[in-house]
Amino acid sequence: MRQKTHALLFTVLEEIDQHGLAGIDMDYEKLGRNRQAEADNISEEANIVKEYKVAFDEGLTLISSGVAEKVMIDMENSW
């Protein structure tokens, strides 16, 4: 969806430029801020995915090492 939005934006900007539509006020500073905000959001999403991956990998390590099973058995025995 982001790629389609960017492509559409650039198409519109090209059309404005090609047709000399100087009467259309293009706020490039605002567009730049929007792009920076979007880049920040993408970065945050990537960080969240990395956090999930680290947790998932740790869980797999606990399972494959037998620690998770031991913890579950200990919890069952403590009831």
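Undergrad: I'm lost on the overall build of the protein in this one. Help?
TA: A count of helical and extended segments in the protein gives 3 helices and 0 strands. Tracing the protein from N to C terminus, the helices and strands come up as α-α-α. A compact globule built from 79 residues should have a C-alpha radius of gyration of about 12 Å, whereas the protein, at 25 Å, is more than 25% larger. Each principal axis of the C-alpha atoms in the protein carries an extent, and together these give about 80 × 20 × 15 Å. Counting all 79 residues of the protein, 5% fall into the buried class. Accessible surface, the protein as shown: approximately 7,100 Å² in total, 60% of it carbon and sulfur. Positive and negative side-chain charges of the protein, numbering 8 and 16 respectively, have mean locations separated by a distance of 1 Å.

Undergrad: Whenever I open this one, the pattern of salt bridges confuses me. Can you help?
TA: Opposite charge on two side chains permits pairing when their charged atoms draw close. Applying the stated criterion across every chain yields a total of 3 salt bridges. Between Arg 33 and Glu 29 there is a salt bridge whose closest N-O contact spans 3.1 Å. Here Arg 33 and its partner Glu 29 are both found in helix 2 (residues 28-65), 4 residues apart, which amounts to about one turn of the helix. A residue is classified by how much of its surface remains accessible, and Arg 33, at 46% relative accessible area, is partly exposed. Given the relative accessible area of 60%, Glu 29 is considered exposed. Its salt-bridge partner being Asp 57, residue Lys 53 comes within 2.7 Å of it at the nearest N-O pair. Here Asp 57 and Lys 53 lie together in helix 2, a separation of 4 residues that amounts to about one turn. Given a relative accessible area of 51%, Lys 53 falls into the exposed group.

Undergrad: Is there a simple way to think about helix 2 in this case?
TA: At 3.6 residues per turn, the α-helix brings residues three or four places apart onto the same side. Taking 1.5 Å of rise per residue, 38 residues should cover 56 Å, and helix 2 covers 55 Å from first to last C-alpha, within 8% of that figure. The first or second residue beyond helix 2 is Gly 66, which carries a positive phi of 90°.

Undergrad: Explanation requested: the packing of helix 1 (residues 2-18) against helix 2 in the structure shown.
TA: Packed helices, taken two at a time, are described by their axes: the angle between them and the distance between them. Viewed as axis vectors pointing N to C, helix 1 and helix 2 meet at an angle of 165°, and their least axial separation amounts to 13 Å. Compared by their axis directions, helix 1 and helix 2 come out roughly antiparallel. Crossing angle aside, the handedness with which helix 1 passes helix 2 is left-handed. Here Arg 2, His 6, Leu 9, Phe 10 and Leu 13 of helix 1 lie close against helix 2, whose contacting residues are Tyr 28, Leu 31, Arg 35, Glu 38, Ile 42 and Glu 45. Class assignment for the residues of the contact of helix 1 with helix 2 results in 6 nonpolar, 1 polar and 4 charged.

Cut-offs applied
Residues numbered from 1 in each chain as written. Predicted model: local features only at pLDDT ≥ 70, side-chain atom pairs only at ≥ 80, totals over all residues. Heavy atoms only, no water. Helix = DSSP H or I, 4+ residues; strand = E, 2+ residues; numbered from the N terminus. Rg over C-alpha atoms; globule rule 2.2 N^0.38 Å. Buried < 20%, exposed > 50% of the residue type's maximum accessible area, 1.4 Å probe, protein only. Areas by Shrake-Rupley, 256 points an atom, 1.4 Å probe, with all protein chains shown as cover. Lys, Arg positive; Asp, Glu negative; His and termini not counted. Charge placed at Lys NZ, Arg CZ, Asp CG, Glu CD. Salt bridge = Lys/Arg side-chain N within 4 Å of Asp/Glu carboxyl O. Expected span 1.5 Å × (residues − 1). Axes fitted to C-alpha atoms, helices over the stretch in contact; angles between N-to-C directions. Parallel < 35°, antiparallel > 145°, perpendicular 65-115°, else oblique. Left-handed = near helix turned anticlockwise from the far one by under 90°. Contact = heavy atoms within 4.5 Å. Nonpolar A, V, L, I, M, F, W, Y, C, P; charged D, E, K, R; others polar.

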